[in-house]
Amino acid sequence: MPLTLLKSDKTIPEREKHTYIKAASENILPLSNVQTTPGDFTERGCTYAGCMGVVCGPIKDVIHLVHGPIGCAYWTWGGGTRQNLSDNPGFHRKYCFSTDMQEDDIIFGGEDKLYKSILEAHKEFPEAKGVFVYATCAIGLIGDDLNGVCKRAEQKIGIRVVPFNCEGFRGCSQSLGHHIANDTLFERVVGTKEPEYLTDFDMNIIGDYNIQGDLWKIKPLFERMGIRILSTFTGNASVDDIAQAHRAKLNLMHCQRSTPYICKLMEEKYGIPVLRASLFGIKQTSKALRDVAAFFGLEDKAEEIIEEEVSKVAPKIEEYRRKFEGKRVFIYQGAPRAWHWVNMFRELGIETIAAATTFGHEEDYAKICERVNDGVLVLDNPNSLELEEILIELKPDLFISGLKEKYLSYKLGVPFINGHSYENGPYAVYSGFLNFARDIEKALFTPVWGLIRRNRE
Amino acid sequence: MRNRSVTINPARMCQPIGAMYALFGVHAAVPLVHGSQGCAAYPMRMFNRHFGELVQVAVSSLGEDASVFGGKKNLIASIDNIIARRHPELIGVITTCLSETIGDDIDGIIREGNFKDSKVVPIHTPSYVGSHVTGYDNALKALVTNLSEESDSDNANDRLNIIPGMVNPGDVLEIKQMLDSMSIAYTILSDISETLNAPLILPKPPFPSGGTSVSEIEDCANACGVISLCEHAGGSAAAFLKREYGMASDTICPIGVSNTDRFLDSVCNMTGAEIPYSLEQERGRLIDAMVDVHMKTCGKRAAIFADPDIALALAEFVIELGIEPVIVSSSTASRKFLQKAKSVTDCCEILNGRDLYELQRAVKSNEVDILFGNTKCTPIAKDEDVAFVRCGFPVYDRVGYHRYGIMGYHGGVYLTDMITNAILEWEER
């Protein structure tokens, strides 16, 4: 019985295919990347969220103009709940742009309004290096010629105006939005600028969004090794950085769900090899540094850095491990962190008892299953009722997920960490690992858990 | 640029989130968004951030197929699944720009579906019309229109209907406490005071306790009167109740001394109750608090941004504190707001549904001392170096604002202190 049906799913038996209890003897993966069961209280978002919210939003020096009714722009303003920081806070995440489509615009079309909006936004913020235009649901239906308008506006204002056809109803989750963002940025931006100079040690970091400053911890490790980070995709990125990404010698891919597309395209067109990495926890970070060093022939330097960094954090991590030993965690993330973090938790003495993703594909589940023990519940696109059942029935000591699930966990008295936008991060690489462990300690041992009372039944 | 096409830093959200707000105040109700998944996921996070509470919203997950062939199949499956798995008392079907543009006949689908066990109410909230305020108004109107039932006996009961609008649980509590002290029976349409400020006691109930029950909404037809606290968010439901059942109707946003006086007068007129001494004392405490701080408040110049009714009531209250409202800005454009704003004060700049980029321009050019607004106004307060009072929805860069009310005399004390402390902190900066 590898596939199983949770109690809360009795009346929606199609959920059984998404619910797998891992057994080593089998070669089974939960069904993934398909349409959500309608009305099942999914935690998924839309294609616009994947494109604008996740991949493009972190780009710090373009006007992100949302073409549609007002809500879609409002939700992603300032990154929404995402903490994709940049060093341009006077502009990036501070301003929110929308065409604010009204009923008449829906009836008669919004092309004029969009054209004027692009020109006006550019006039107010002439220092912005481009305008990215995002189509939302209604736009796809009324058939505005986004590409045509953007082309006209680009000719008029003389900076790049890039349309993203990322209507929310496309696809089955945020995932298609990542793909659309990758394809569009590759077609319209990558390769449009040449770097001032090249070195033999130019590398791109692809698929890191600088959540609470992750990249500001990641980048220096490679720079100390002698590597130049030519471009980051897209945390703290200037659109010009992405434009020159095609000249790198290597693409280091961190988020392997939202960016494999652009890595593949760059490999095909520019011959840039891809190295996949996990930059969470001591072992995985050290492995990433060694892999990159081996590619560039910088092994000695890497070993020096690893030794220095590990010696700084290892004793403290060991202390934490002794405190956490035997605890059990339920990991529910967008996709890759569900498997990135299995090993990181293991370094802290915490075993994963259930792992789920919102928009994972088969390869994400394969990676989860490679890493977790037999008997672990592996779940695709869980809904709110399933999450509640798992938290009650499997009684994890810790739940790591996103904001929407945070208060479910709290209301059930289960310690929780926000793995999407972090609590007190950054969580990446060595120093971030200490933040992560410290936050786990707070979550597990805060005295308030002991004060909760039960109703007499 | 006064007549921009582009909106920069929007002042408002779209209709569906307002409808969710209203449904969260109904006991064991499920909001079902008929649209894309983002239209449920994004607003949920806004509630999480403001209230620090679990909210559960279902979505019909319309995809490309549905956008071509219509969303009927998804809608019916959604309702069936929700009833089977959660047995709610009520499902509110909330439309979006997607389902409205496709043209799904949700009223027909719901009627034909003939769903048993749960009431299913269609709520039309196209995102390209109005704002979150309109969405709340439409949801309340849909609930009342679809559910209210006159009882057979022709004598009205002596209950009073209160439609709070998009206010905080703390505000609803203030209203309830005033009515309780007058021994008045009432129905709050709808009551978020417990559902969005829920206790942590195990085991977690399937739905939060509290909220207005479906039977209470049905019975609202038999009340002696209705008062909407925010005319733009609940006024349509009040107008329906007045028209359909002939009950007395009034609209007053009880922020500040005079507004609360008027609210209580109206309550007394409708119910025949009298104002108890305990409320006179509360009023006295508010006056006392205002006297204590008038040397700090008098002469200050305020910019007020909020939903229309709250912005107007706040303007009236700051005038009582000797503060001059130099900018009154409504999240949502409305002719009524414009007229009323002109009658509240004749020398201020009125922004009627303009974006916050425009608000910032106005703050820059009006020598403002103190700004009232939600979290989206925080950068304006910092950039322009003015005192800042957080109010409205959403407030998520500080905690706890949902817990405390600014309505009524007691809420007025809290607001007075907040205003004064904001001024003191600003002066000490």
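Residues numbered from 1 in each chain as written. Chains lettered and ligands numbered in written order. Predicted model: local features only at pLDDT ≥ 70, side-chain atom pairs only at ≥ 80, totals over all residues.

Trainee: Now, about the environment of Ala248(A): what can you tell me, with residues and values included?
Mentor: Tracing the backbone through its elements, the reader meets Ala248(A) in the loop between helix H9 (239-243) and strand E8 (250-253). Apart from the residues lying within four places of it in its own chain, the contact partners of Ala248(A) are Asp202(A), Met203(A), Asn204(A), Leu230(A), Ser231(A) and Ile272(A). (Helix = DSSP H or I, 4+ residues; strand = E, 2+ residues; numbered from the N terminus. Contact = placed C-beta atoms within 7 Å.)

Trainee: Account for the nonpolar core, naming residues and giving values.
Mentor: If you look at the biggest cluster of nonpolar residues, it comprises 288 residues, and the most contacted ones within it are Val133(A), Phe164(A), Ile304(B) and Leu314(B). The contacts of Leu314(B), once residues within four sequence positions are left out, are Ile255(B), Ile304(B), Ala306(B) and Phe372(B). (Core = buried A, V, L, I, M, F, W, Y, C linked by C-beta atoms within 7 Å. Buried ≥ 20, exposed ≤ 12 C-beta atoms within 10 Å, placed from the backbone.)

Trainee: For the domain arrangement of chain B, give the residues involved together with the corresponding values.
Mentor: As a measure of interface size, the accessible area lost when the parts come together is often cited. Residues and elements named next belong to chain B. Per the domain assignment, the segments of chain B are domain 1 (15-139), domain 2 (160-278) and domain 3 (290-428). For domain 1 and domain 2, the distance between their C-alpha centroids amounts to 24 Å. The partner domain 2 presents 20 residues to the 18 residues of domain 1 that form the contact. Put simply, the parts of the chain that give the side of domain 1 that touches domain 2 at least two residues each are helix H1 (15-23) and helix H7 (132-147). Here the side of domain 1 that touches domain 2 gets four residues from one element, more than from any other, and that element is H7. Split by residue class, the side of domain 1 that touches domain 2 holds nine nonpolar, four polar and five charged. (Domains from an automatic or database assignment. Nonpolar A, V, L, I, M, F, W, Y, C, P; charged D, E, K, R; others polar.)

Trainee: So what about the sheet that holds strand E5 (residues 119-123) of chain B? Which residues, and what values?
Mentor: All names here are of chain B. Strand order in the open sheet made by the four strands is E3-E2-E4-E5, with parallel pairing throughout. Every interior strand has two partners, whereas the edge strands, strand E3 (58-59) and E5, have only one. When strand E4 (residues 90-95) meets E5, the two strands line up parallel, connected through five bridges. Paired with isoleucine 91 across the strands is valine 120, a residue of E5. In the packing of helix H6 (residues 106-113) onto the sheet, contacts are made with strand E2 (29-34), E4 and E5, and the angle to E5 comes to roughly 170°. (Pairing = 2+ DSSP bridges. Axes fitted to C-alpha atoms, helices over the stretch in contact; angles between N-to-C directions.)

Trainee: Now, about the interface of chain A and chain B: what can you tell me, with residues and values included?
Mentor: Contacts between the two partners involve 65 residues from chain A and, on the opposite side, 54 residues from chain B. For the side of chain A that touches chain B, the secondary-structure elements that each account for two or more residues are helix H1 (47-56), helix H2 (70-76), strand E3 (97-98), helix H3 (103-108), helix H4 (111-124), helix H5 (137-142), helix H15 (384-393) and helix H16 (403-411) of chain A. By residue number, the principal contributor to the side of chain A that touches chain B is H16(A), which donates seven residues. Residue composition of the side of chain A that touches chain B, grouped by class: 30 nonpolar, 19 polar and 16 charged. Relative to strand E1 (residues 7-8) of chain B, E3(A) runs antiparallel, the two sharing two bridges. Its bridge partner being in E1(B), Phe97(A) is matched across the sheet by Ile8(B).

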